[in-house]
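# Architecture at a glance
Now for the letters of each chain:
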Amino acid sequence: MSNATTITNLQQALHMEMTAAHQYQLHAHVLNDWGLDILAEKMRGEMQEELGHSDAYIERILFLGAKPELELQKNPKAADNLEEMFTADLKDEMEAIDFYTQAAAQAAEAGDVGTRTLFERILLEEEGHKAWLETELSLLKRLGESAFSARYVSGTAGQD
């Protein structure tokens, strides 16, 4: 396993995290538009966490002597409803978990403990995101969108 594979994996992870951050940013704006200000704030928190992940990947890439490539993996997409939003995010989190698991193993094979540890740390955080999304989807299906949405309206949404 070469350093080049590690750098490639870190670049891919950076692209994934930048995409996730912008996707959550778009979600926050859409949710505010729908009047779900509390959920919009949750998405802003997710955006900040994903930006933190991208910062960590940039730092590691630079530490290893490479140049970070700041690109999106794919363009963010506005959802038409909550189920579509959560389902798409869950799919992305599961892809990240699979990729980070593989990338951590490859870094371990290369003897790169720092990169392995970074992938594993972020992997655990992504598992937390996955669990939250699974819970939200389950609640959405059991409660229906109206009752579910009521949990995420502060009563001041849309007021100046």
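Parameters at a glance
- Residues numbered from 1 in each chain as written.
- Predicted model: local features only at pLDDT ≥ 70, side-chain atom pairs only at ≥ 80, totals over all residues.
- Heavy atoms only, no water.
- Helix = DSSP H or I, 4+ residues; strand = E, 2+ residues; numbered from the N terminus.
- Buried < 20%, exposed > 50% of the residue type's maximum accessible area, 1.4 Å probe, protein only.
- Contact = heavy atoms within 4.5 Å.
- Expected span 1.5 Å × (residues − 1).
- UniProt positions renumbered as here; feature names shortened; annotations may be inferred.
- 1 Å grid on protein atoms, 1.4 Å probe; cavity = no way out; pocket = protein on both sides within 12 Å on 5 of 7 lines; lining within 4 Å.

Positionally, Ser-149 belongs in helix 5 (residues 145-150). On the basis of relative accessible area, Ser-149 is assigned to the buried category, the value being 13%. With residues near it in sequence (within four places) discarded, Ser-149 still touches Leu-36 and Leu-82.

Spanning 31 residues, helix 4 (residues 113-143) covers 45 Å between terminal C-alpha atoms, matching the ideal 45 Å at 1.5 Å per step. Along helix 4, the residues classified as buried are Thr-115, Leu-118, Phe-119, Ile-122, Leu-123, Glu-126, His-129, Leu-133, Glu-136, Leu-137 and Leu-140. Where helix 4 is buried, its residues contact helix 1 (3-33), helix 2 (37-63), helix 3 (82-109) and helix 5. Taken from the residues just after helix 4, Gly-144 is the one with a positive phi, measuring 85 degrees.

Moving on: the UniProt feature "binding site: Fe cation 2" (unreviewed entry) in the protein chain. Sequence positions flagged by UniProt for "binding site: Fe cation 2" (unreviewed entry) are, in local numbering, Glu-50, Glu-93, Glu-126 and His-129. Judged by maximum C-alpha separation, these annotated positions cover 80 residues in sequence but sit close together in space, the widest gap being only 11.2 Å. Checked against the lining of the largest cavity, the annotated residues just named reduce to Glu-50, Glu-93 and Glu-126. Tracing the backbone through its elements, the reader meets Glu-50 in helix 2.

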